[in-house]
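Chains, contacts and geometry: an overview
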Amino acid sequence: MSETCQTNGYDTVHAVDFYHSMTQIPGFLQDAAVYLDGYRKTLQLQTTKKRPFVVLDVCTGTGRVIRDLVAHLSEHDADLHATKFIGLDISRPMLDQAAKLPLASPTADVTWIEGSALNLHEVPAFRDGVLKADLLIVAFSSISHFIEPGQVAQFLREVARVLQPGTGRAYISLRDIPATFQSDMAPAEGDTNSTDLPSLVLPGITYRQIGNDVQVKDGVVYVVSNVQVMSGKGDTLSTESATTAFRILGDDELRTLASSVGLDVMETVKAGEETYYVFQSP
Ligand SMILES: C[S@@+](CC[C@H](N)C(=O)[O-])C[C@H]1O[C@@H](n2cnc3c(N)ncnc32)[C@H](O)[C@@H]1O
């Protein structure tokens with residue numbers, strides 16, 4: 001009998017690795033072009049080249065967005081080496097995996113920092129108020145993880161605090177959470193069509209999703225997902241039982257909360273399943 005590990009989807013070695021392997025499936029996420037475009041547009045707004053351009057990827061996870069940006073910029077763009085990338089996450093196992101994964105340009109200035117999106121101004125890099133984020137990214141609807149009352153407002157207040165006034169831009173992605181989990185993102189209990197997902201990092205390990213249950217309570221969607229960790233011989237080594245929670249957040253609510261903390265919506269971009277809100281702090 002193999003053991004079952006309870007996880008929030010982001011806090012065990014295998015949950016992190018499953019998440020990472022899933023997000024690397026070609027076409028699973030289609031946000032790289034949006035953030036590259038955001039980088040270029042925001043860079044053009046800068047009035048000085050005397051300091052580095054700061055990209056803060058909040059809820060960075062395994063650093064997917066920063067790695068994608070570095071990969072694109074290392075091919076085409078001299079501004080890569082004038083850019084300081086900071087990936088922040090609350091989960092140490094996510095950051096440990098981020099730090100292990102190779103960058104297209106090993107000399108890029110990338111730092112992985114453990115900290116909370118709800119307390120950005122307490123993160124040492126931003127604490128004295130001198131460093132500001134020129135481009136702040138919150139990808140893959142990670143804002144939906146702020147499920148407690150008041151947390152989305154608190155997070156937006158922190159964004160307004162650390163964003164470079166005037167020329168800085170925050171790209172915040174939002175998904176229609178109920179629609180996402182009604183779709184075929186994950187198999188339901190008893191679904192035999194699930195395919196095994198090989199780990200991209202751990203040799204010989206494969207993941208098999210064996211069940212998925214979605215419940216909604218007080219405006220929060222709880223997704224329970226069971227994933228078997230399989231050895232190369234097909235033995236089940238353990239089962240990750242992940243309960244991940246997502247607040248249902250609508251366009252009106254996000255705009256109202258942002259406006260209440262002084263963030264202006266400059267633009268919205270719709271691509272794939274996500275809407276990207278581009279905010280400015282005046
Ligand atoms: C959906 S994943 C997104 C990861 C990555 N940005 C991507 O797009 O692949 C959400 C991430 O948010 C992180 N997270 C959740 N609450 C957080 C908080 N309060 N502060 C910082 N990170 C948080 C989780 O640990 C997880 O890595």
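Sequence order as written defines residue numbering, which begins from 1 separately in each chain. Only residues with pLDDT of at least 70 get local features here, since the model is predicted, and only at 80 or more are side-chain atom pairs given and counted; chain-wide, interface and lining totals rely on the full set of residues.

1. Some thoughts on the overall build of the protein
- Secondary structure follows DSSP: runs of H or I at least 4 residues long count as helices, runs of E at least 2 residues long count as strands, and numbering of each begins at the N terminus. Secondary structure summary: the protein contains eight helices and 12 strands in total.
- For a compact globule the rule gives 2.2 Å times the number of residues to the power 0.38, and the radius of gyration it is set against comes from C-alpha atoms. Taking 282 residues into account, the globule formula puts the C-alpha radius of gyration at 19 Å, and the protein, at 19 Å, falls close to it.
- Overall, the C-alpha framework of the protein stretches about 60 × 45 × 30 Å when taken along its three principal axes.
- Throughout, a residue-residue contact means that the two C-beta atoms, derived from backbone geometry, are no farther apart than 7 Å. Sequence separation of at least 24 residues holds for 71% of the intrachain contacts in the protein that already meet a minimum separation of 6.

2. Things to note about the domain arrangement of the protein
- The assigned domain composition of the protein is domain 1 (4-11 + 178-247) and domain 2 (13-176 + 250-280).
- The split of the chain into domains comes from an automatic or database domain assignment. Between the C-alpha centres of domain 1 and domain 2 there is a distance of 25 Å.
- Between domain 1 and domain 2, the contact holds 23 residues from the first and 22 residues from the second.
- Those elements that provide at least two residues to the side of domain 1 that touches domain 2 are α7 (177-182), β7 (197-198), β9 (220-230) and β10 (236-247).
- Broken down by element, the side of domain 1 that touches domain 2 gets its largest block of residues, six residues, from β10.
- Polarity classes work like this: nonpolar for Ala, Val, Leu, Ile, Met, Phe, Trp, Tyr, Cys and Pro, charged for Asp, Glu, Lys and Arg, and polar for all others, with Gly in that last group. Across the side of domain 1 that touches domain 2, the residue classes tally to 15 nonpolar, five polar and three charged.

3. What about unusual backbone geometry?
- Of note, Cys-59 is a non-glycine position whose phi angle comes to about 60 degrees, a positive value.
- Of note, Cys-59 is situated in the loop between β2 (53-58) and α3 (64-76).
- On the basis of neighbour counts, which here come to 25 C-beta atoms within 10 Å, the residue Cys-59 falls in the buried class.
- A positive phi is found at Phe-140, a non-glycine position, where the angle reads about 50 degrees.
- With respect to the helices, strands and loops of the structure, Phe-140 is situated in the loop between β5 (135-138) and α6 (151-162).
- The class for Phe-140 is partly exposed, based on 19 C-beta atoms found within 10 Å. In this scheme the burial state of a residue depends on its C-beta neighbours within 10 Å: 20 or more other such atoms mean buried, 12 or fewer mean exposed, and anything in between means partly exposed; the C-beta positions come from the backbone.

4. Here we look at the site of the ligand
- For each residue, a C-beta position is placed from the backbone atoms; the residue is near a molecule or strand when that point lies within 6 Å of it. Of all residues adjacent to the ligand, which total 18 residues, the nearest are Cys-59, Gly-61, Ala-117, Ala-139 and Phe-140.
- Its residues assigned to classes, the shell around the ligand shows nine nonpolar, seven polar and two charged.

5. Description of helix α1 (residues 13-23)
- For α1, the complete set of buried residues consists of His-14, Ala-15, Val-16, Asp-17, Phe-18, Tyr-19 and His-20.
- Lining the buried residues of α1 we find β1 (3-7), α4 (92-100), β8 (206-217), β9 and β10.

6. Focus: the sheet that holds β8
- Strand order in the open sheet made by the five strands is β1-β10-β9-β8-β7, with mixed pairing throughout. Every interior strand has two partners, whereas the edge strands, β1 and β7, have only one.
- The pairing of β1 with β10 spans five bridges and is parallel. Along β10, the bridge assignment pairs Glu-3 with Ser-238.
- Here, axes are lines fitted to C-alpha atoms. For helices the fit covers the stretch in contact, and angles between N-to-C directions go from 0 to 180 degrees. Against the sheet, α1 touches β1, β7, β8, β9 and β10, its axis set at about 70 degrees to β10. Note on pairing: two strands pair once DSSP finds at least 2 bridges between them.

7. Thoughts on the environment of Leu-101
- Along the chain, Leu-101 turns up in the loop between α4 and β4 (109-114).
- Each C-alpha atom, one on Leu-101 and one on Val-201, is 8.5 Å from the other, the two residues being 100 residues apart in sequence.
- Every residue in contact with Leu-101, bar those within four places of it in the chain, is listed here: Thr-62, Gly-63 and Arg-67.

8. So, the sheet that holds β5
- The seven strands lie next to each other as β4-β3-β2-β5-β6-β12-β11, forming an open sheet whose pairing is mixed. With one partner strand each, in any of the chains shown, β4 and β11 (264-271) form the two edges of the open sheet. Taking the axes of each pair of neighbouring strands and ignoring which way they run, one obtains an average angle of 20 degrees across the sheet.
- With four bridges joining them, β2 and β5 adopt parallel strand pairing. Along β5, the bridge assignment pairs Asp-57 with Ile-137.

9. Digging into the packing of α6 against helix α8 (residues 251-260)
- It is the contact of α6 with α8, at a shortest axis distance of 9 Å, that shows an interaxial angle of 50 degrees. Classified by the angle their axes make, α6 and α8 are oblique. For α6 against α8, the interelement crossing comes out right-handed. Each of Val-152, Ala-153 and Leu-156 in α6 lies in contact with α8, whose residues at this interface are Leu-257, Ala-258 and Ser-260.
- For the contact of α6 with α8, the class distribution of residues is five nonpolar, one polar and no charged. The labels follow the angle: roughly parallel below 35 degrees, roughly antiparallel above 145, roughly perpendicular from 65 to 115, and oblique for the rest. Here a crossing is taken to be left-handed if its near helix is turned anticlockwise relative to the far helix by less than a right angle, and right-handed if that turn runs clockwise.

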